[in-house]
Amino acid sequence: MSITRIATRYAKALLSLAAERNEVEAVYQDMQQLQQATKNRDLYLLLKGPICSTDKKKSIIRALFEGKMSQLTLLYLDFLIDKGRAAYIVEIAKEVEQQYKALKHITSVRLVSAIPLSEDTVALIKQRILQSGLTTENIEITTAIDPSLIGGFILEFEDKRYNATVSRRLAELKAGFIKNHYLREF
């Protein structure tokens, strides 16, 4: 079975259980915390590797997250480790985040610009995205800076990409000049 299918099934089961117990928000926060924690290379390798026993992995998880995560999440992590799915915990946490956003109708939008944008500009872009009807009513915007864009911005969400950068327009002009037979003769 593929990692994606495993992550999808386990994430769906966790969110279903959390919904029954009215703990969806807490589980979502826990999974975000887990994703942050697994950026630590040692914890990541511990979960992925077969060297440590399941009891040792469970005790390490308990030591790290006891009192910081809900009891449901801790029990679920124990369950995953017991079932031999510790290597997939990172992927399951990411899938929980995606399924949570789908459940709450949240669209994640990535906005990349050449320079930092003001809050007013970001709010205007958000308003335009909402007016387009291409997203749900809840938008979560993350911004990034890429000076190589020269100017303009790139919007990425779901499987869509809107490139309104100066560098793209310059590349189009260059391609147009190369294809122009009259300019080649000069």
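Check the entry above for the structure.
A brief structural summary. What you see is a predicted model; the values in this text were computed from it and never measured. (Residues numbered from 1 in each chain as written. Predicted model: local features only at pLDDT ≥ 70, side-chain atom pairs only at ≥ 80, totals over all residues. Heavy atoms only, no water.)

Turning to the overall build of the protein, a few remarks are in order. Along the backbone of the protein there are 9 helices and 4 strands. Element order for the protein, N to C, with α for helix and β for strand: α-α-α-α-α-α-β-α-β-β-β-α-α. Against the compact-globule benchmark of 16 Å for 186 residues, the protein has a radius of gyration of 22 Å, which places it well outside the compact range. In terms of its C-alpha atoms, the protein occupies a principal-axis envelope of roughly 75 × 35 × 30 Å. A burial count over the protein gives 34% of its 186 residues as buried. Put simply, 64% of the contacts in the protein that link residues at least 6 apart link residues at least 24 apart. Of the roughly 11800 Å² of accessible surface on the protein, 55% is carried by carbon and sulfur atoms. (Helix = DSSP H or I, 4+ residues; strand = E, 2+ residues; numbered from the N terminus. Rg over C-alpha atoms; globule rule 2.2 N^0.38 Å. Buried < 20%, exposed > 50% of the residue type's maximum accessible area, 1.4 Å probe, protein only. Contact = heavy atoms within 4.5 Å. Areas by Shrake-Rupley, 256 points an atom, 1.4 Å probe, with all protein chains shown as cover.)

Turning to the packing of helix α1 (residues 3-20) against helix α2 (residues 24-37), a few remarks are in order. Packing of α1 against α2 leaves a shortest axis separation of 8 Å and a crossing angle of 140°. The angle between α1 and α2 falls in the class oblique. Mapping the contact onto sequence places Leu-14, Leu-15, Ala-18 and Ala-19 in α1 and Val-24, Val-27 and Met-31 in α2. Residues that form the contact of α1 with α2 fall into these classes: 7 nonpolar, no polar and no charged. (Axes fitted to C-alpha atoms, helices over the stretch in contact; angles between N-to-C directions. Parallel < 35°, antiparallel > 145°, perpendicular 65-115°, else oblique. Nonpolar A, V, L, I, M, F, W, Y, C, P; charged D, E, K, R; others polar.)

This part covers the nonpolar core. Considering soluble globular proteins, one finds that nonpolar side chains tend to be buried as a cluster. Residues Leu-34, Ile-61 and Ile-89 are the most contacted members of the largest nonpolar core, which totals 30 residues. Of all the secondary-structure elements, those providing two or more residues to this core are α1, α2, α3 (41-48), α4 (54-65), α5 (71-82) and α6 (89-103). Residue contacts for Ile-61: discarding those within four places in its chain leaves Leu-43, Leu-47, Glu-66, Leu-74, Leu-77 and Ile-81. Val-109, Val-122, Ile-139 and Phe-157 belong to the second largest nonpolar core, which has 8 residues in total. (Core = buried A, V, L, I, M, F, W, Y, C linked by side-chain atoms within 4.5 Å.)

For Glu-97, the position within the fold is in helix α6. What makes Glu-97 buried here is its relative accessible area of 19%. Not counting chain neighbours up to four residues away, the residues in contact with Glu-97 comprise Tyr-28, Gln-32 and Gln-35.

Contact geometry of α1 with α5 gives a least axis separation of 11 Å together with a crossing angle of 150°. On the basis of the axis angle, α1 is roughly antiparallel to α5. Between α1 and α5 the crossing geometry is right-handed. In this structure, α1 contributes Tyr-10, Ala-11, Ala-13, Leu-14, Leu-17 and Ala-18 to the contact, and α5 contributes Leu-72, Tyr-76, Phe-79 and Leu-80. (Left-handed = near helix turned anticlockwise from the far one by under 90°.)

Interpretation in functional terms is not warranted from these geometric data alone.
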